[in-house]
Amino acid sequence: MKKILTIQDFSCVGKCSLTVAIPIISAFGIETCALPTALLSTHTQFKNWTFANLCDQIPSITDAWKKEEIMFDGICTGYLGAVDLIEEVKEIIKNFVKKDGIVMIDPAMGDNGKLYAGFDLEYAKATKDLCALADVITPNITEATFMLDKEFKDIYDYDYLLDICKELHKNGARDVVLTGVKKSESQVGVFCLLDGKEVYEYYTPREPRDFHGTGDIYSSAVYGGLMNGKTLQESVKFACDYTKHCIAKTLAEPNYSIYGVNFEQCTGDITEFIK
């Protein structure tokens, strides 16, 4: 059994980050280890929530790993939140990933043309440097343009998307997966550049509203596919369809909550995909 490490924050209540990544990647038949960067009472869509930064624990944790000679078949990251933590993650990639391991970075830091609260251009630059160490990166257009210091466009064409992907590939990432790409007002999906050469696109019907945690579901499903030997094209297509199915299950409930979408009810999709 392969063993991977996912580095993200942990919300005690609500479906996002580690509470999504651990069960989904585990469902792919992968031992999923976790390094929590922060502890939240709930995810941030609730009105009242607490936050405890755990970054000061990382050096002692990684020192213990070194003594135990622990290595991982891959690493995937989500929301990090601080430049110092990005530097820690770089060292973890260099010291704890096997030679043929797969590193996937989700540079979560913004959307809709704006960075999330607490982020700045220094953080975007540090994230760009981190992405240079990745095999696969999964930014949305906002995150990609901030990393590249390019103009964000809400309306764009094929050449704009291809240019972004080529620059991110030139920065160091082998494969670039642009997420949240609008094909039209009714379709959304991904625009991918594989090894700087091959373009792959996949789109599904667009929902009229957003759901918290779907980006984490998507990236976890992509990573689970890759770690099972699936191609990037197969993995991103499955992840899009799986996320869409999770949303459909959620909408089928008459009183669905802000906790997140019902990915637990779609585990059978994963079983069928990897068998």
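Coordinates for the structure precede this section.
Heads up: these notes are all about the structure in this document. Since this is a predicted model, take the numbers as computed values, not measurements.

About the criteria used
- Residues numbered from 1 in each chain as written.
- Predicted model: local features only at pLDDT ≥ 70, side-chain atom pairs only at ≥ 80, totals over all residues.
- Heavy atoms only, no water.
- Helix = DSSP H or I, 4+ residues; strand = E, 2+ residues; numbered from the N terminus.
- Rg over C-alpha atoms; globule rule 2.2 N^0.38 Å.
- Buried < 20%, exposed > 50% of the residue type's maximum accessible area, 1.4 Å probe, protein only.
- Expected span 1.5 Å × (residues − 1).
- Contact = heavy atoms within 4.5 Å.
- Pairing = 2+ DSSP bridges.
- Right-handed = clockwise from strand over helix to strand, strands pointing away.
- Phe/Tyr/Trp six-rings, centres within 6.5 Å; stacked < 30°, edge-to-face > 60°.
- Lys NZ or Arg CZ within 6 Å of the ring centre and 35° of its normal.

1. Overview of the overall build of the protein chain
In terms of helices and strands, the protein chain carries nine helices and eleven strands. Here the C-alpha radius of gyration of the protein chain, 18 Å, is about what a compact globule of 275 residues would show, namely 19 Å. A total of 275 residues make up the protein chain; the buried ones form 49% of that total.

2. Regarding helix α3 (residues 83-96)
Quick reminder: α-helices carry 3.6 residues per turn. Residues three or four places apart thus point the same way. Along its 14 residues, α3 runs 20 Å from first to last C-alpha, staying within 8% of the 20 Å computed at 1.5 Å per residue. The set of residues buried in α3 consists of Leu85, Ile86, Val89, Lys90, Ile92, Ile93 and Phe96. Buried residues along α3 sit against β1 (3-13), β2 (31-42), α2 (58-68), β4 (72-77), β5 (97-105) and α4 (121-131).

3. Digging into the sheet that holds β2
In spatial order, the strands read β3-β2-β1-β4-β5-β8-β9-β10-β11; together these nine strands make up an open sheet with mixed pairing. Looking along the sheet, the strands with just one partner apiece sit at the ends: β3 (51-53) and β11 (198-205). Examined bridge by bridge, strand β9 (residues 175-184) and strand β10 (residues 187-194) share seven bridges and lie antiparallel to one another. Looking across to β10, one finds that Asp175 is bridged to Leu194.

4. Section: the pairing of β5
By the bridge criterion, five bridges tie β4 to β5 in an arrangement that is parallel. By the bridge assignment for β5, Ile75 is matched with Val103. Handedness of the crossover is the feature at issue here: the chain leaves β4, passes through α3, returns alongside β5, and the resulting connection is right-handed. Note that β5 and strand β8 (residues 136-137) share two bridges and pair parallel. Residue pairing in the sheet places Ile105 in a bridge with Ile137 of β8.

5. Side note on the packing of aromatic side chains
Taken as a whole and assessed by the stated rule, the structure comprises eleven aromatic pairs. Ring geometry for Phe28 and Phe238: centres 6.1 Å apart, planes at 90 degrees, overall edge-to-face. Note that Phe28 is positioned in the loop between α1 (18-27) and β2 and Phe238 in helix α8 (residues 232-251), a separation of 210 residues in sequence. For Phe238, a relative accessible area of 10% translates into the label buried. Here the aromatic rings of Trp65 and Phe96 are separated by 5.5 Å at their centres, their planes lie at 80 degrees, and the arrangement is edge-to-face. Here Phe96 lies in helix α3 and Trp65 lies in helix α2, a separation of 31 residues in the sequence. For the pair formed by Trp65 and Phe96, the shared burial category is buried. Taken together, the aromatic side chains of Phe28, Phe238, Tyr242 and Phe273 make up a single cluster linked through ring pairs. The ring centre of Phe273 lies 4.9 Å from the NZ or CZ of Lys230, which sits over that ring.

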